[in-house]
Amino acid sequence: SQRSLELYNEIKHDLIGPNYKMKYIYLRSMLCALFVEGINIHDYFPMPLQGKSESRLYNVYCRFITLLNTHAAEHRSVEYYANLLGISSKYLSFVCISYSNKNASAWINETVIQKAKILMQIHGLSLTETSQALHFLTPNSFSRYFKRATGMTPRSFIKSQHTAKHHAEQSTWCFAVWICFTAS
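Model, not experiment: these values are computed from the prediction.

Trainee: Can you walk me through the side chain of Ser-143 in this structure?
Mentor: Mapped onto the secondary structure, Ser-143 falls in helix H8 (residues 139-150). For Ser-143, the residues in contact, after removing those within four places along its chain, are Leu-127 and Pro-154.

Written out as structure tokens, the structure reads:
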């Protein structure tokens, strides 16, 4: 993401630049921020396993998660993924429940919502742009889908993220000041 690149460039610039008071404390906090940014971007589709990994069920489950991460923006029906896997929708849901205690439909919905949140929060897409990126017919249909899944409208989500970001920035600043005073 753009933010990761900015953090990386700032770290690189400060690392090769001249020394200054508390340089390494600052770099350590920047590396932590880069690490958290990486988690936020890349670790949003966990694959919890509760069954044995040698089974056909496990293979189907892994293939489903892979397909879901690739096609969730375009396809939101269990039947689509079951057809790609050459199995029935009922069997696909059975497999998902066996490994994650969630049916295939829940996985699809959570993945679409997660993608929507990323598009709005990290990439800064508008409601209309997000609904188009996720292949909803209209922004209203996307809003209803989002609200049904999260309990809030996309606009409310975006507003809450701006508020949360502001509080996180304040908390990070306080933490950085605390580290500076305790590390000296």
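Having seen the structure, we can now continue with the description.
Trainee: What is the right way to look at the nonpolar core in this model?
Mentor: Buried together is how nonpolar side chains tend to be arranged in soluble globular proteins. Among the nonpolar cores identified, the biggest contains 31 residues, and Phe-64, Leu-92, Leu-134 and Phe-142 are the most heavily contacted of them. Listed by contribution, the elements that provide at least two residues to this core are helix H3 (56-71), helix H4 (78-85), helix H5 (89-100), helix H6 (104-121) and H8. The dominant element in this core, judged by the number of residues it contributes, is H6, at eight residues. Here Phe-142 is in contact with Ala-116, Met-120, Leu-127, Thr-130, Ser-131, Leu-134, Phe-136 and Pro-154, once residues within four sequence places are set aside.

Trainee: Help me understand unusual backbone geometry in this model?
Mentor: As a rule of thumb, non-glycine residues mostly have phi less than zero, and peptide bonds are mostly trans rather than cis. Although it is not a glycine, Asn-101 sits at a positive phi angle of roughly 65°. Along the chain, Asn-101 falls in the loop between H5 and H6. One non-glycine residue, His-135, lies in positive phi territory at about 60°. You can see His-135 is positioned in the loop between helix H7 (127-133) and H8.

Trainee: Help me understand the packing of H6 against H8, please; the structure alone is not making it clear to me.
Mentor: The contact between H6 and H8 brings their axes to 10 Å, and the two run at 115°. With respect to their mutual orientation, H6 and H8 come out roughly perpendicular. Here the hand of the crossing between H6 and H8 comes out left-handed. Packed against H6, whose contacting residues are Ile-108, Asn-109, Val-112, Ile-113, Ala-116, Lys-117 and Met-120, the element H8 presents Phe-142, Tyr-145, Phe-146, Ala-149 and Thr-150 at the interface. The class makeup of the residues in the contact of H6 with H8 is nine nonpolar, two polar and one charged.

Trainee: Explain the confidence of the model for the protein to me, please; I cannot follow it from the model alone.
Mentor: Atom-level detail of predicted coordinates should not be read off regions where pLDDT is low. In the predicted model, the protein carries a mean pLDDT of 78, and 74% of its residues have values of at least 70. Confidence scores differ between elements of the protein, with helix H9 (residues 154-183) showing the lowest mean pLDDT of 60 and H4 the highest of 97. pLDDT under 50 marks residues 42-51. Its contacts with residues more than four places away, or in other chains, come to 25 contacts. Here residues 166-170 is modelled with pLDDT under 50, and outside its nearest four sequence neighbours on either side it reaches zero contacts, counting other chains as well.

Trainee: Sorry if this is basic, but what is going on with the environment of Phe-142 here?
Mentor: Structurally, Phe-142 is set in helix H8. C-alpha separation for the pair Phe-142 and Ser-131, spaced 11 residues apart in sequence, amounts to 5.6 Å.

Definitions and limits used
- Here the residue index of a chain counts from 1 through its sequence in written order.
- Under the rules for a predicted model, residues below a pLDDT of 70 receive no local features and side-chain atom pairs below 80 are neither given nor counted, while totals for whole chains, interfaces and linings still include all residues.
- Neither water nor hydrogens contribute to the side-chain values; these are computed over all heavy atoms in the structure.
- For helices the rule is a DSSP run of H or I covering at least 4 residues; for strands it is a run of E covering at least 2, with both sets numbered from the N terminus onward.
- In this analysis, two residues are considered to be in contact whenever any of their non-hydrogen atoms come within 4.5 Å of each other.
- Among the buried residues, those of types Ala, Val, Leu, Ile, Met, Phe, Trp, Tyr and Cys that are joined through side-chain atoms within 4.5 Å form a nonpolar core.
- Partly exposed describes any residue whose relative accessible area lies between the buried limit of under 20% and the exposed limit of over 50%, with all areas from a 1.4 Å probe on protein chains only and scaled to the type maximum.
- Axis lines are fitted through C-alpha atoms, for helices just across the contact stretch, and the angle between N-to-C directions can take any value from 0 to 180 degrees.
- Convention used here: angles under 35 degrees read as roughly parallel, angles over 145 as roughly antiparallel, angles from 65 to 115 as roughly perpendicular, and any remaining angle as oblique.
- Definitions for this section: a left-handed crossing has its near helix turned counterclockwise from the far helix by less than a right angle. A right-handed crossing has that turn clockwise.
- Polar here means any residue other than Ala, Val, Leu, Ile, Met, Phe, Trp, Tyr, Cys and Pro, which are nonpolar, and Asp, Glu, Lys and Arg, which are charged; Gly is therefore polar.
- As a per-residue quantity, pLDDT reports the predictor's confidence and falls between 0 and 100.

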